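# Structural description and commentary
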Amino acid sequence: MPIRINQHHSEFHLYNNKVSYIFRVIEKSRQLEHLYYGKRIHHRDSFDHLIEREIRPSCNMFEGDHTSSMEHIKQEYPSYGSTDFRFPAHSILREDGSHITNFTYQNFRVTKGKKKLENLPATYVEQEDEGDTLEIDLYDDVLKCRLTLSYTIYQNRNVITRHAEFSNEGNENYYLDHAMSMSIDFPDDQFEMVHLHGAWAREGHLEKKTLSKGIQSIYSNRGASSHVFNPFITLKRPNADEHQGEVYGFSLVYSGNFLAQVEVDSYNVSRITMGINPYRFKWKLGAGSSFQTPECVMVYSDKGLNEMSQTYHKLYRERLVRGNWRDNARPVLINNWEATYFDFNEEKVLEIASTAKELGIELFVLDDGWFGKRDDDTSSLGDWFEDKRKLPNGINGLAEKVEELEMRFGLWFEPEMVCKDTKLFEEHPDWIISTPDRQISHGRNQFVLDFSRSEVVDYIFQMMNQILSKSNITYIKWDMNRHITEAYSQKLPADQQGEVFHRYILGVYDLYERLIKKYPDILFESCAGGGARFDPGMLYYAPQTWTSDDTDAVERLKIQYGTSMVYPLSSIGSHVSATPNHQVGRLTPLQTRAAVAYFGTFGYELDITKLSDEDKAMVREQVAFFKEYRDLIRMGEFYRLLSPFESNETSWMVVSRDKSEALVGYYKVLAKPNEAYQRIKLKGLDPDRLYRVNGTTTHYGDELINIGILLSGNYTDRANEFWGQKHPGDYQSQLFILKGL
């Protein structure tokens, strides 16, 4: 069993073959002290030797005990105000205005498997022996409140998950204004913090900073996890890189406002906390009610960032994504958005679908503009009525004609939004999120529906159901193109307005759950102006996410490279689009656009009816190529080799689980004259196996790992051939296919 209890010393040791996590109950205060998190160590009858206490000039909890300052004790789930002056993991406001809590240890439970969270996405197990769960009950006698800390350790994954639950067992109402999912106090500050930042059209960019005294954090207060920061951070040792060194990953399974924070104190202790952003959060915990925080997934690696990423990839692909599409190959699709935008009719989209069928594409997706009078982005959101001007036979008629081509049909929705010129807005103006007596801001000419209200979610479900129930729709692109401003619900009382953001995202989850339950065969792809809600919470409902509205292959190198830090290739929506690119105007070869998009879900987003016969032939080859290797790409182990954030070149590869085949992508952004010789050292291969590369030369795995693939040509006795050749220019790519012999 991966959880051992030293009951005499009140110590808890969670471990498997990779990782150990140890904490204890403090004798006097009965609070929880953190002892160790890192590489697996042997269990022993006592870990008392890890306790650190010295007399320091500070406030102490107990008279006469000068070592009882919580400021100098590493903790599991700390509070503020009782000798600890650092930022806490929780805070509760009583009706008398006090904030002090004192949660003390009561008991523990160890159970096989992993419990499902209530109305929240989370990782899961399919068999009880995949993991064990430890629950620690703490109690505040004054508040009559129970705090349960839950830890699940997976048996064969270097993963520990955490969340907390507050239960009001008294008669007094009070308010949670700070409820993080986890907290850990590391004994030193010798870390670099790595995270993903960006903006619309440039999501997922890597940033690294050395920890310093004070607070360093990433966050969202936009109502979604956001383009700006992703709910994920890594603490890595300064000597750690992609393939060696200690790394700790923290990923929040949540799609709303979040905070990930590292506080370094005067004694070099690093406190990391992650959870719902406490800014504008205040949850009324009425008598007899409870509140459960989202789940934080913690990953430890002693083999660098890449092993951490592979652990997240495998866990999220196998035990976060659910349903029929978890283990099935995703269809190659074509989306009409960049081909037509709002200017289309049935004839035009069927022409695109028919051409797509000839090229081997499997799914046609009709994007924005099919409903109401949606000729631009100023109208009609919320009125999900078919526009018979564009589609005289409706969605069902179009879907049937696409099916006659032996293709699947998909449809775009933006269910969380409304425009002013709609029946929905006219009949229910109080259903939008807005503050009384204040101006209502807009984004993309639209307003946010109050999904904290069940009647709003009910209405949107019925509207979507009317379309889905009469048409064979196998794919939905669920978009969300603006963030929440003037956060206020006209239904909630004044003392619950701090619940709007969280209740909103619970409403989004509820709508997803209801649609999935009724239509289990639909493949959902989440989108939020691209990657503004690319987070683990969404993957629980939609197994893939539109990674960015930026479809430029060169920009996508950084976007997809950064996103792969935590998310599997099977979740990364990636398309080949037109040139000049619609976001940056760049002209890139069709070969390179596909070579980047292969390492994701793969599809097209351009008017293929306007392609030359030569380009159509190339598309046909690309589609056939992806179909041949999509299982490898979806299920293989992904390795980052060369970073676009560090050089003019990018490289990555994916290796099958049995190491029998691999696919390597290499990309050079700008051509350079008279360059040095270049080679790419590969990873993950069987060193003793012979591989054939691109059907020509053969190399043992150890050679490819230690020497690499040589990118420079050998022109011995062929100088004239070299000087006479045409050089390829900028934005070039190469793919290497490795087959084990």
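Residues numbered from 1 in each chain as written. Predicted model: local features only at pLDDT ≥ 70, side-chain atom pairs only at ≥ 80, totals over all residues. Heavy atoms only, no water.

## Some words on the packing of helix α3 (residues 346-358) against helix α4 (residues 394-404)
For the pair α3 and α4, the least separation of the axes is 10 Å and the interaxial angle reads 25°. By the criterion of interaxial angle, the relationship of α3 to α4 is roughly parallel. The two elements α3 and α4 meet at a crossing, and its hand is right-handed. The residues of α4 that touch α3, namely those facing Glu346, Val349, Leu350 and Ala353, are Leu398, Lys401 and Val402. A breakdown of the residues in the contact of α3 with α4 according to their chemical character gives five nonpolar, no polar and two charged. (Axes fitted to C-alpha atoms, helices over the stretch in contact; angles between N-to-C directions. Helix = DSSP H or I, 4+ residues; strand = E, 2+ residues; numbered from the N terminus. Parallel < 35°, antiparallel > 145°, perpendicular 65-115°, else oblique. Left-handed = near helix turned anticlockwise from the far one by under 90°. Contact = heavy atoms within 4.5 Å. Nonpolar A, V, L, I, M, F, W, Y, C, P; charged D, E, K, R; others polar.)

## What to know about the domain arrangement of the protein
Per the domain assignment, the segments making up the protein are domain 1 (3-317), domain 2 (324-635) and domain 3 (649-740). Each partner contributes residues to the interface: domain 2 has 20 residues there, and domain 3 has 20 residues. Each partner contributes to the roughly 1800 Å² buried at the junction of domain 2 and domain 3, and carbon and sulfur atoms together form 74% of this total. Considering only the side of domain 2, the residues that lose the most area to domain 3 are Leu557, Phe599 and Leu632, jointly responsible for 35% of the buried surface there. Seen at the junction of domain 2 and domain 3, the total is zero salt bridges. The tally of links between domain 2 and domain 3 comes to four residue pairs in polar contact (both at pLDDT 80 or more). Those elements giving two or more residues to the side of domain 2 that touches domain 3 turn out to be α9 (553-563), α10 (590-597) and α11 (613-635). When residues of the side of domain 2 that touches domain 3 are assigned to their parent elements, the largest contribution, six residues, is made by α11. In the side of domain 2 that touches domain 3, the residues fall into 14 nonpolar, four polar and two charged. (Domains from an automatic or database assignment. Buried area = accessible area lost by both parts, 1.4 Å probe. Salt bridge = Lys/Arg side-chain N within 4 Å of Asp/Glu carboxyl O. Polar contact = N/O pair within 3.5 Å; in protein donor to acceptor, adjacent residues only side chain to side chain.)

## So, the packing of aromatic side chains
Considering all chains together, one arrives at 50 aromatic pairs under this definition. When the ring of Phe103 is compared with that of Phe166, the centres are 6.2 Å apart and the planes differ by 70°; the resulting orientation is edge-to-face. Linking Phe103 in the loop between β5 (90-93) and β6 (104-112) with Phe166 in strand β9 (residues 159-168), this pair joins segments that are 63 residues apart in sequence. Through pairs of rings, three or more aromatic residues link up here, namely Phe12, Tyr21, Phe23, Tyr37, Tyr105, Phe108, Tyr151, Phe186, Phe191, Tyr248 and Tyr300. Above the ring of Tyr540, the side-chain terminus of Arg322 is found at 3.7 Å from the ring centroid. Taking the ring centre of Tyr561 as reference, the NZ or CZ of Arg640 above it sits at 5.8 Å. (Phe/Tyr/Trp six-rings, centres within 6.5 Å; stacked < 30°, edge-to-face > 60°. Lys NZ or Arg CZ within 6 Å of the ring centre and 35° of its normal.)

## Considering the pattern of salt bridges
Under the definition given, this model contains 65 salt bridges. One salt bridge connects Arg319 with Glu126, and the closest N-O pair in it is separated by 3.5 Å. Of this pair, Arg319 sits in helix α1 (residues 304-319) while Glu126 sits in the loop between β6 and β7 (131-140); the two residues are 193 residues apart in sequence, bridging distant segments of the chain. Note on Arg319: relative accessible area 11%, which makes it buried. Classification of Glu126 by relative accessible area gives partly exposed; the value is 44%. Lys213 is the salt-bridge partner of Asp189, the closest N and O atoms lying 3.6 Å from each other. Here Asp189, found in the loop between β10 (174-186) and β11 (192-197), pairs with Lys213, found in the loop between β12 (205-210) and β13 (214-220); they are 24 residues apart in sequence, far enough to count as distant. Connected through salt bridges with shared partners, the residues Arg109, Lys115, Glu135, Asp137, Arg146 and Glu169 form a single ionic network. (Buried < 20%, exposed > 50% of the residue type's maximum accessible area, 1.4 Å probe, protein only.)

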